[in-house]
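Structural overview
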Amino acid sequence: MTSPDSPNPANNSAFRESVAEAAAILAGAERTVVLAGAGMSKESGIPTFRGDGGLWTINGEPPLNQYDTFAMDPKRWWERRIEEANSPGDFALAIEAAQPNAGHVGLVELERMGILAHLITQNIDDLHRRAGQRSITEIHGNRYWMRCVRCEARWPKAEFIFDEADLPPRCTSPGCGGIVKSDTVMFGEPIPPSALRRCGEETALADCFMTIGTSAVVYPAAQYPIEAARRGVPLIEVNPEETPLTPLAAVVVRAPSGVALPAIVEAVRAARGEDA
Ligand SMILES: [Zn+2]
């Protein structure tokens, strides 16, 4: 985030140059894939987990066996979850209150312009969908969705009606009947193979890769930009901070997504207009 006393990066010539370079790459690419991370959510007021002031930095990391606890007694897990829904914590309240920001809107614009082919997001807060993003893999799930642990079918929570007296809820896909849980990927829970497959396929097809607001330290998400860069695909990094990916990046835009993306969208439009 830009602090109030730091100069607006939009007035900075290094920022403008990096935006122009990023836009030139994007305008010339056929299939851009984006990996988005917690920095984008933070700009919408959602606390991060890691780093200074992160929830886990302050409170400690949650138990690594979360998924085992669920799998051993899903009925109990669901009972607790229904109780907790009546007294949401600070993180839940922050997500409920959050709105998509100019960065989310910028990504939707890039998709509508035919530039952004696919978005891989580590964020679970639904803000990309609410902004209008269509081609998206939520690699850590979406807290407003539910998922069958057996067949990986997913439903928006509002559309999945179940009997709280008959827990855990069961999958309604024909012939499945698997246990249904929140779509958010728990500690110790494997990321759904269908999500990993899609990310791998999209990354393999990408001719431009952009990371936004992610420190790219969490695997498997971090592997996609690295794979792309190793193939010689230009990597664009949008992040106010240096990250382990910075040395691989062809262009680095040192700004929050809410500042960088609108400027990039405008510059891509200009670049395309000049080409036409
Ligand atoms: Zn199922």
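The structure presented is a predicted model; accordingly, all values stated were derived computationally and were not measured.

1. Brief notes about unusual backbone geometry
Here Leu 167 and Pro 168 are connected by a cis peptide whose omega angle stands at -5 degrees. Inspection of the secondary structure assignment puts Pro 168 in the loop between β5 (154-156) and β6 (180-182). At Asp 126, a residue that is not glycine, the phi angle is positive and equals roughly 75 degrees. Its location among the elements puts Asp 126 in the loop between β2 (116-121) and α8 (127-131). Positive phi values are uncommon outside glycine, yet Ala 216 reaches one of about 55 degrees.

2. Here we look at the nonpolar core
Within soluble globular proteins, side chains that are nonpolar tend to cluster in buried spots. In terms of nonpolar packing, the biggest core is built from 48 residues, with Val 34 and Ile 264 touching the most fellow members. Tallying contributions element by element places helix α11 (residues 257-275) first for this core, with seven residues. The contact partners of Val 34, leaving out residues within four places of it in the chain, are Leu 107, Leu 116, Leu 119, Ile 120, Met 210 and Ile 212.

3. What about the environment of His 140?
One can find His 140 in the loop between β3 (136-138) and β4 (145-148). Judged by the 19 C-beta atoms lying within 10 Å of it, His 140 is partly exposed. Residues His 140 and Thr 57, spaced 83 residues apart in sequence, show a C-alpha to C-alpha distance of 20 Å. In contact with His 140, other than residues within four places in its own chain, are Gln 122, Ile 124, Thr 184 and Val 185.

Definitions and cut-offs
- Residues numbered from 1 in each chain as written.
- Predicted model: local features only at pLDDT ≥ 70, side-chain atom pairs only at ≥ 80, totals over all residues.
- Helix = DSSP H or I, 4+ residues; strand = E, 2+ residues; numbered from the N terminus.
- Core = buried A, V, L, I, M, F, W, Y, C linked by C-beta atoms within 7 Å.
- Buried ≥ 20, exposed ≤ 12 C-beta atoms within 10 Å, placed from the backbone.
- Contact = placed C-beta atoms within 7 Å.

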